[in-house]
Amino acid sequence: MTKTTDFTKVMQDMMAAFPVDASAFQNAFKTQASMGEKLSKVALEAAEKSTEITSKWAKDTIAKLSDTSKAKADPSEYTKAVTDFASAAAEMAAEHMAAFAEVAKKVQMETVELMMAAGKDASEEAQAAVKKATADATSAVKKAAAAAK
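Residues numbered from 1 in each chain as written. Predicted model: local features only at pLDDT ≥ 70, side-chain atom pairs only at ≥ 80, totals over all residues. Heavy atoms only, no water.

A. Just the overall build of the protein, in detail. Regarding its fold elements, the protein presents three helices and zero strands. When the helices and strands of the protein are listed from N to C terminus, the series reads α-α-α. Computed over the C-alpha atoms, the radius of gyration of the protein is 33 Å, more than 25% above the 15 Å expected from 2.2 N^0.38 for a compact globule of 149 residues. Taking all 149 residues of the protein together, the buried fraction comes to 9%. Once local pairs closer than 6 in sequence are excluded, the contacts in the protein between residues at least 24 apart make up 81%. Within the structure as shown, the protein displays about 11700 Å² of accessible surface, and the carbon and sulfur contribution to it stands at 65%. Placing the 20 positive and 21 negative side-chain charges of the protein at their respective mean positions leaves the two points 10 Å apart. (Helix = DSSP H or I, 4+ residues; strand = E, 2+ residues; numbered from the N terminus. Rg over C-alpha atoms; globule rule 2.2 N^0.38 Å. Buried < 20%, exposed > 50% of the residue type's maximum accessible area, 1.4 Å probe, protein only. Contact = heavy atoms within 4.5 Å. Areas by Shrake-Rupley, 256 points an atom, 1.4 Å probe, with all protein chains shown as cover. Lys, Arg positive; Asp, Glu negative; His and termini not counted. Charge placed at Lys NZ, Arg CZ, Asp CG, Glu CD.)

Now the structure itself:
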């Protein structure tokens, strides 16, 4: 009565009766890593495209500014040059913002597709894991029942 019961053997027996399949965890990790890789690819492509748009916008603006900065003979030509630049800048802004919107739309669509595919894969994996766990638990219960008789 004064001795403390050692539950080590009891815990080992209990854990052996309900084995855990580590491959399910490994598969989940692989699936998550694959998903992360695909999402990173989408994000990096969007960043690359956005950088290209920004660069083109800057180049176009600089080209228009070079026309504006040329010396003019008549003061009214400066007003016309600034007006032309403002008009061109507004057009470029609309054009480039539309390009950014297309990039965002593409990222959104690809992300939704990836999430739906991942949800489908996760559902299938979960069903397979539940079936296997049920079979393993049933087998363990039958073994325990047989051992008890």
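More follows now that the structure is in view.
B. Examining a nonpolar patch on the surface more closely. There is a patch of nonpolar side chains on the surface, built from Phe7, Val10, Met11, Met14, Met15, Phe18 and Val141 and spanning about 700 Å² of accessible area. The element contributing the most residues to the nonpolar patch is helix 1 (residues 8-17), with four residues. Within the secondary structure, Val141 sits in helix 3 (residues 75-148). (Patch = residues over 30% accessible without salt bridge, like charges linked within 9 Å, V, L, I, M, F, W, Y side chains within 5 Å. Salt bridge = Lys/Arg side-chain N within 4 Å of Asp/Glu carboxyl O.)

C. Summary view of the packing of aromatic side chains. Summed over all chains, the structure comprises one aromatic pair. With a centroid separation of 6.4 Å and 50 degrees between ring planes, the pair formed by Trp57 and Phe100 is classed as tilted. Of this pair, Trp57 sits in helix 2 (residues 22-68) while Phe100 sits in helix 3, and the two are 43 residues apart along the sequence. (Phe/Tyr/Trp six-rings, centres within 6.5 Å; stacked < 30°, edge-to-face > 60°.)

D. Spotlight on the side chain of His96. Tracing the chain through its elements places His96 in helix 3. On the accessibility criterion, His96 (4% relative accessible area) is buried. When near neighbours in sequence (up to four residues on either side) are disregarded, His96 contacts Ile53, Lys56, Trp57 and Asp60.

E. Representation of the side chain of Thr68 in the model. For Thr68, the position within the fold is in helix 2. According to the relative accessible area criterion, Thr68 is buried, its value standing at 17%. Discounting residues that sit within four places of it in the chain, Thr68 has contacts with Ala81, Val82 and Phe85.

F. Representation of the pattern of salt bridges within the structure. Going through the model one piece at a time under the given rule, you end up with five salt bridges. A salt bridge links Lys56 to Asp60, with the shortest nitrogen-to-oxygen separation between them at 3.0 Å. Placement of the pair is Lys56 and Asp60 together in helix 2, with a separation of four residues, close to one helical turn. Since its relative accessible area comes to 22%, Asp60 is described here as partly exposed. The salt bridge partner of Asp84 is Lys80, with a shortest N-O separation of 2.9 Å.

G. Structural detail: the confidence of the model for the protein. When pLDDT is averaged along the protein, the result is 85, and 95% of the positions lie at 70 or above. When pLDDT is averaged over each helix and strand of the protein, the minimum, 75, is found for helix 1 and the maximum, 90, for helix 2. (pLDDT = per-residue confidence, 0-100.)

H. Structural detail: the environment of Glu113. Along the chain, Glu113 falls in helix 3. Separated by 68 residues in sequence, Glu113 and Glu45 place their C-alpha atoms 16 Å apart.

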